[in-house]
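# Close look at the chain arrangement
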Amino acid sequence: MKVHLSVKENSKMPDSTKPNVTHLGYIQSTITRMGQNAFQAKAWCITIITALLVFYLEKASNASKYATIYIALGVVALFCALDTYYLYLERGYRKLYRVAAKLEVESEPLPDFEMQIPQNARGIVQYGKAFLSVSTGLFYGVIMLLLIILWLCTNAADTPSV
């Protein structure tokens, strides 16, 4: 997802208050790359989970089925952490873009071509917000829930009936 905030180069702003358009372009390309990486994490997760489910359906023993489900849960957890990290970085760079475009004011002026995420956009709280977002929490939560239901069904099928 590209962020387009229009900045006119011919505006009547003094040079000290004009945003550096090249710097904004660098930040915007980083934001785009983070979005693409998050999309690729989701695509790879679906691909690997699908392959594991095909393996699950082909196996006859319940021990192999349990191992496949555990591996699938681990894969989902790893891709969820990776995708959350990309979303966290993307949000941080969006904040940097707003500061560089002078749409938000920071306590300290931003040096030209600074690519470090602002301090107030970093931390475990921001990572937690990215984890609980719809694009990561809901997506990976549904997959985890379906894998747990599959595990419960395998467990119920394994239990002898009286």
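Here the structure is shown first, and the text comes after it.
Bear in mind that the values here come from a model prediction, so they are computed numbers and not experimental data. (Residues numbered from 1 in each chain as written. Predicted model: local features only at pLDDT ≥ 70, side-chain atom pairs only at ≥ 80, totals over all residues. Heavy atoms only, no water.)

## A short note on the overall build of the protein chain
Each helix and strand in the protein chain was counted, giving four helices and zero strands. When the helices and strands of the protein chain are placed in sequence order, the string is α-α-α-α. Each of the 162 residues in the protein chain was classed as buried or not, and the buried ones make up 33%. In the protein chain, the share of contacts with a sequence separation of at least 24, taken over all contacts with a separation of at least 6, comes to 78%. (Helix = DSSP H or I, 4+ residues; strand = E, 2+ residues; numbered from the N terminus. Buried < 20%, exposed > 50% of the residue type's maximum accessible area, 1.4 Å probe, protein only. Contact = heavy atoms within 4.5 Å.)

## Remarks on the pattern of salt bridges
Counting across every chain of the model gives two salt bridges. The salt bridge involving aspartate 83 is made with lysine 42; its shortest N-O contact spans 2.5 Å. Highlighted residues: aspartate 83 in helix α2 (residues 62-100) and lysine 42 in helix α1 (residues 21-58), separated in sequence by 41 residues. A single burial state applies to aspartate 83 and to lysine 42, both of which are buried. Between arginine 94 and glutamate 90 there is a salt bridge, and its shortest N-O distance comes to 2.7 Å. Taken together, the residues span about one helical turn, with arginine 94 and glutamate 90 both in helix α2 at a distance of four residues. (Salt bridge = Lys/Arg side-chain N within 4 Å of Asp/Glu carboxyl O.)

## Digging into a nonpolar patch on the surface
A surface patch of nonpolar side chains, amounting to about 580 Å² of accessible area, comprises Val134, Leu138, Val142, Leu145, Leu146 and Ile149. Topologically, leucine 145 is positioned in helix α4 (residues 134-158). (Patch = residues over 30% accessible without salt bridge, like charges linked within 9 Å, V, L, I, M, F, W, Y side chains within 5 Å. Areas by Shrake-Rupley, 256 points an atom, 1.4 Å probe, with all protein chains shown as cover.)

## What to know about the packing of α2 against helix α3 (residues 124-131)
Packing of α2 against α3 brings their axes to within 8 Å, and their N-to-C directions diverge by 115°. Read as a crossing pair, α2 and α3 show a hand that is right-handed. Taking contact as the criterion, the partners of Cys80, Ala81, Thr84, Tyr85, Leu87, Tyr88 and Arg91 in α2 are, on α3, Gln126, Tyr127, Lys129, Ala130 and Phe131. Here the contact of α2 with α3 is composed, by residue class, of eight nonpolar, two polar and two charged. (Axes fitted to C-alpha atoms, helices over the stretch in contact; angles between N-to-C directions. Left-handed = near helix turned anticlockwise from the far one by under 90°. Nonpolar A, V, L, I, M, F, W, Y, C, P; charged D, E, K, R; others polar.)

## Some words on the nonpolar core
The nonpolar side chains of a soluble globular protein tend to be buried with one another. Formed by 17 residues in total, the largest nonpolar core has its most connected members in Leu24, Ile27, Ile31, Leu89, Tyr93, Tyr97 and Ile117. Every element with two or more residues in this core is listed here: α1 and α2. The biggest single contributor to this core is α2, with eight residues. If you look at the next biggest cluster of nonpolar residues, it comprises 15 residues, including Tyr56, Ala72, Phe79 and Ile143. (Core = buried A, V, L, I, M, F, W, Y, C linked by side-chain atoms within 4.5 Å.)

## Re the packing of α1 against α2
The contact between α1 and α2 brings their axes to 9 Å, and the two run at 170°. When the axis of α1 is compared with that of α2, the two are roughly antiparallel. Classifying every residue of the contact of α1 with α2 gives 26 nonpolar, six polar and five charged. (Parallel < 35°, antiparallel > 145°, perpendicular 65-115°, else oblique.)

## Points about the side chain of lysine 65
Structurally, lysine 65 can be placed in helix α2. Look past the residues within four positions of lysine 65 in its chain and what remains in contact with it is Tyr56, Lys59 and Thr154.

## Quick word on the environment of isoleucine 117
By the secondary structure assignment, isoleucine 117 is in the loop between α2 and α3. Its relative accessible area of 9% is what places isoleucine 117 among the buried residues. A sequence separation of 23 residues divides isoleucine 117 from arginine 94, and the C-alpha atoms of the two residues are 8.8 Å apart. In this structure, isoleucine 117 is in contact with Leu89, Gly92, Tyr93 and Arg122, ignoring residues within four places of it in sequence.

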